Amino acid sequence: MPVTVVVGSQWGDEGKAKVIDLLSNQHDYVIRYQGGHNAGHTIVAGGEKYALQLVPSGVLYPHVTPVIANGVVVDPITLLDEVGRLSARGVDTSRLKVSSQAHLILPWHFAHDRLAEGSRGDNKIGTTLKGIGPAYADKARRTGLRVGDMLDRKRFAEQLAELGAAESDLLVHLGGEPLDVPAIVEQYAGDLADRVAPYITNTVALLHDALARGKRLLLEGAQATFLDIDHGTYPYVTSSNPTAGGACSGSGLGPRDLGRIVGITKAYTTRVGSGPFPTELTDALGDTLVEIGREFGTVTGRRRRPGWLDLVMLRHAVRLNSLTEIALTKLDVLDTFDSVRICTGYRVNGTAITEYPDRLDVLGRVEPVYVELPGWGTSIEGARRVEDLPNRARAFVDLVEREVGVPVRYVGVGADRDAVVERP
Ligand code: GDP
Ligand code: IMO
Ligand code: MG
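Conventions used here
Residues numbered from 1 in each chain as written. Chains lettered and ligands numbered in written order. Predicted model: local features only at pLDDT ≥ 70, side-chain atom pairs only at ≥ 80, totals over all residues. Heavy atoms only, no water. Helix = DSSP H or I, 4+ residues; strand = E, 2+ residues; numbered from the N terminus. Rg over C-alpha atoms; globule rule 2.2 N^0.38 Å. Buried < 20%, exposed > 50% of the residue type's maximum accessible area, 1.4 Å probe, protein only. Contact = heavy atoms within 4.5 Å. Axes fitted to C-alpha atoms, helices over the stretch in contact; angles between N-to-C directions. Left-handed = near helix turned anticlockwise from the far one by under 90°. Nonpolar A, V, L, I, M, F, W, Y, C, P; charged D, E, K, R; others polar. Salt bridge = Lys/Arg side-chain N within 4 Å of Asp/Glu carboxyl O. Donors = N, O, S within 2.8 Å, 3.2 Å for Na, K, Ca; no water. Bend = angle between axes of the 7 residues up to and from the residue. Near = heavy atom within 4 Å. Polar contact = N/O pair within 3.5 Å; in protein donor to acceptor, adjacent residues only side chain to side chain. Areas by Shrake-Rupley, 256 points an atom, 1.4 Å probe, with all protein chains shown as cover. Core = buried A, V, L, I, M, F, W, Y, C linked by side-chain atoms within 4.5 Å. Domains from an automatic or database assignment. Buried area = accessible area lost by both parts, 1.4 Å probe.

Novice: Got a sec to walk through the overall build of the protein? Specific residues and values, please.
Specialist: In terms of regular secondary structure, the protein is built from 12 helices and 19 strands. Relative to the compact-globule value of 22 Å for 424 residues, the protein shows a C-alpha radius of gyration of 22 Å, a close match. Reported as C-alpha extents along the three principal axes, the dimensions of the protein are approximately 65 × 50 × 40 Å. Relative to its full complement of 424 residues, the protein shows a buried share of 57%. Intrachain contacts of the protein at a sequence separation of at least 6 include 77% that bridge at least 24 residues.

Structure below.
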């Protein structure tokens, strides 16, 4: 089938962008279907590093049409800024399409995100402060404005003025600063609307036409399975559905259109922000993982919390997303470890459990059960074929595959575009 979905199987930053870049060769459209500029997707190509937040990772290829679909929340300032920076580096962004049905992130959404996080004290989620949650909340409350609204300048200005006045009052009531509504109207219904307009498209029709013409589509997930608002560690989640089901609602493609569903899994685990993390390492080993894996956020620069690979999570991700294959990334980060651990089960009060807990308090109390494997003690960065991997590294990959029952199709052995082993 011509549609491939790429989803994060952990808490984000698994290396989705690198795999999307790799798969872009075989696809004509690369489509973001949820999230917004809370995503930080890094591609390293020929020593050049590209950090993308909103523009789909396929943009680097001239044969790819990048699409921001209806399920995404769009900050027009970030969008234009990113397009400008890519253009300045010689990347052609003229093919970019943005759904008229995608919701807009507006200045009050940033303010609400900041105020809400501030008021949560020790219980803060640790959001990226990009206004993501408040923008999706307005979408659900049916008070949001959409990208397509920018096309009717006069009406859009009226909508902004009306909403802006109410939001300004609300923000002051909540202890925040008032909004400069006339300035917002001028900027958003003026310059921003002018510059976003050329990209606005009926992307649902575009994608179905492309399918009918035999084109190949790649759906780029942002965030990840355990940040999913339904299936993640609620409330320590994002406000969208990164899981594969969200790829349908977020793009307008039907479930039967989907073919390959690739789960991107880091050979260990990281999480940014708060929330339970059974295999977390808070010791020197964790510091080593962060240091070697360069685990600092692309968007916020925050240190990511490190831990061992958790196959209870991965098995759950296989089910939630109907994963057809796994890309195991950053295996090279474990090169220098004397031994490595993989969590294969959980215990609660001494009893083994098989299901991923549906309650946060239970997840917070589980004890991981580990398998310990000897390290391989050599650099695998130059490996390009399975035969190039040391036996002990192969044993790590084989164990993952055996435990989760889904083929590990790719193994990441370095940040660069070419640093990957494709398994037969
Ligand atoms: P994403 O959000 O899932 O796209 O991942 P990020 O780009 O936020 O973080 C992944 C980081 O790991 C980036 O800096 C990538 O360049 C890097 N990376 C991806 N795959 C590999 C790999 O196999 N090995 C190493 N060493 N780095 C990788
Ligand atoms: P990519 O696509 C890792 C986390 C935030 C916070 C929670 C909610 O690069 O994998 P939000 O701003 O979305 O309301 O924050 O989700 N988060 C991410 N963590 N990678 C991401 O994206 C993330 N996007 C959001 O740290 O814990
Ligand atoms: Mg990231």
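Novice: Residue-level account of the packing of helix 3 (residues 107-119) against helix 4 (residues 132-141), with values.
Specialist: Interhelical geometry of helix 3 versus helix 4 gives an angle of 115° and a closest axis separation of 7 Å. Handedness of the helix 3/helix 4 crossing: right-handed. The residues of helix 4 that touch helix 3, namely those facing Trp108, His109, His112 and Asp113, are Ile132, Pro134, Ala135 and Asp138. Here the residues of the contact of helix 3 with helix 4 are counted per class, giving 4 nonpolar, 2 polar and 2 charged.

Novice: Quick one: what's the story with the pattern of salt bridges, residue by residue and with numbers?
Specialist: Using the criterion set out here, one finds 28 salt bridges in the structure. Between Arg417 and Asp21 there is a salt bridge whose closest N-O contact spans 2.7 Å. Of this pair, Arg417 sits in the loop between strand 18 (408-412) and strand 19 (420-422) while Asp21 sits in helix 1 (residues 16-24); the two residues are 396 residues apart in sequence, bridging distant segments of the chain. The exposure class assigned to Arg417 is partly exposed, which follows from its relative accessible area of 24%. Across the pair Arg409 and Glu422 runs a salt bridge whose closest N-O atoms are separated by 3.5 Å. Taken together, the positions of Arg409 in strand 18 and Glu422 in strand 19 put the pair 13 residues apart, joining distant regions of the chain. Overall, the relative accessible area of 28% leaves Arg409 in the partly exposed class. What makes Glu422 partly exposed here is its relative accessible area of 44%. One connected set of salt bridges, linked through shared partners, spans Asp13, Lys266, Glu295, Arg304 and Lys330.

Novice: Explain the coordination of the magnesium ion (ligand 3) to me, using residue names and the numbers behind them.
Specialist: Distances from the magnesium ion (ligand 3) to its protein donors, namely Asp13 (OD) and Gly40 (O), fall within the range 2.0 to 2.2 Å. Of this pair, Asp13 sits in the loop between strand 1 (3-8) and helix 1 while Gly40 sits in the loop between strand 2 (29-32) and strand 3 (41-45), and the two are 27 residues apart along the sequence. According to the relative accessible area criterion, Asp13 is partly exposed, its value standing at 23%.

Novice: Residues and numbers for helix 6 (residues 181-196), please.
Specialist: Residue Gln187 marks the point of greatest curvature in helix 6, where the axis turns by about 30°. Those residues of helix 6 that sit buried are Val181, Ile184, Val185, Tyr188, Ala189, Gly190, Leu192, Ala193 and Val196. The secondary structure elements touched by the buried residues of helix 6 are helix 2 (76-88), helix 3, helix 5 (153-173) and strand 9 (200-201).

Novice: Report on the site of ligand 2, specifying residues and quantitative values.
Specialist: In the vicinity of ligand 2 there are 20 residues, among which Lys16, His41, Thr128, Gln223 and Thr238 approach most closely. Between an oxygen atom of ligand 2 and a main-chain N or O atom of Asp13, the distance comes to 2.9 Å. In this structure, Asn38 approaches ligand 2 through a side-chain N or O atom, which is 2.9 Å from an oxygen atom.

Novice: Go over the site of ligand 1 with me, naming the residues and quoting the values.
Specialist: Taken together, 18 residues sit near ligand 1, with Gly15, Lys16, Gly40, Thr42 and Asp332 positioned nearest. In this structure, Lys330 approaches ligand 1 through a main-chain N or O atom, which is 2.9 Å from an oxygen atom. Gly414 has a polar backbone atom sitting 3.3 Å from a nitrogen atom of ligand 1. Alone, ligand 1 offers 590 Å² of accessible surface; in the complex the protein occludes 91% of this. Residues that form the shell around ligand 1 fall into these classes: 4 nonpolar, 7 polar and 7 charged.

Novice: Tell me what's going on with the nonpolar core, and back it up with residues and numbers.
Specialist: Counting residues in each nonpolar core, the largest one holds 56 residues, and the members touching the most others are Leu217, Leu219, Leu331, Leu334, Phe396 and Val400. The next biggest cluster of nonpolar side chains, apart from the first, holds 40 residues, and it includes Ala45, Tyr50, Leu86 and Val196.

Novice: Help me get a handle on the domain arrangement of the protein, residues and values and all.
Specialist: When cut into domains, the protein gives domain 1 (3-89 + 203-422) and domain 2 (103-199). Using C-alpha coordinates to define each centre, domain 1 is positioned 29 Å away from domain 2. Contacts between the two partners involve 28 residues from domain 1, matched on the other side by 24 residues from domain 2. Between domain 1 and domain 2, roughly 2000 Å² of surface is buried when both sides are summed, and carbon and sulfur atoms account for 64% of that area. Summed over the three residues of domain 1 that lose the most area to domain 2, namely Val73, Pro76 and Leu80, the buried surface amounts to 28% of that side. Taken together, the links from domain 1 to domain 2 amount to 0 salt bridges. Our enumeration of links across domain 1 and domain 2 arrives at 8 residue pairs in polar contact (both at pLDDT 80 or more). Only strand 6 (73-74) and helix 2 provide two or more residues apiece to the side of domain 1 that touches domain 2.

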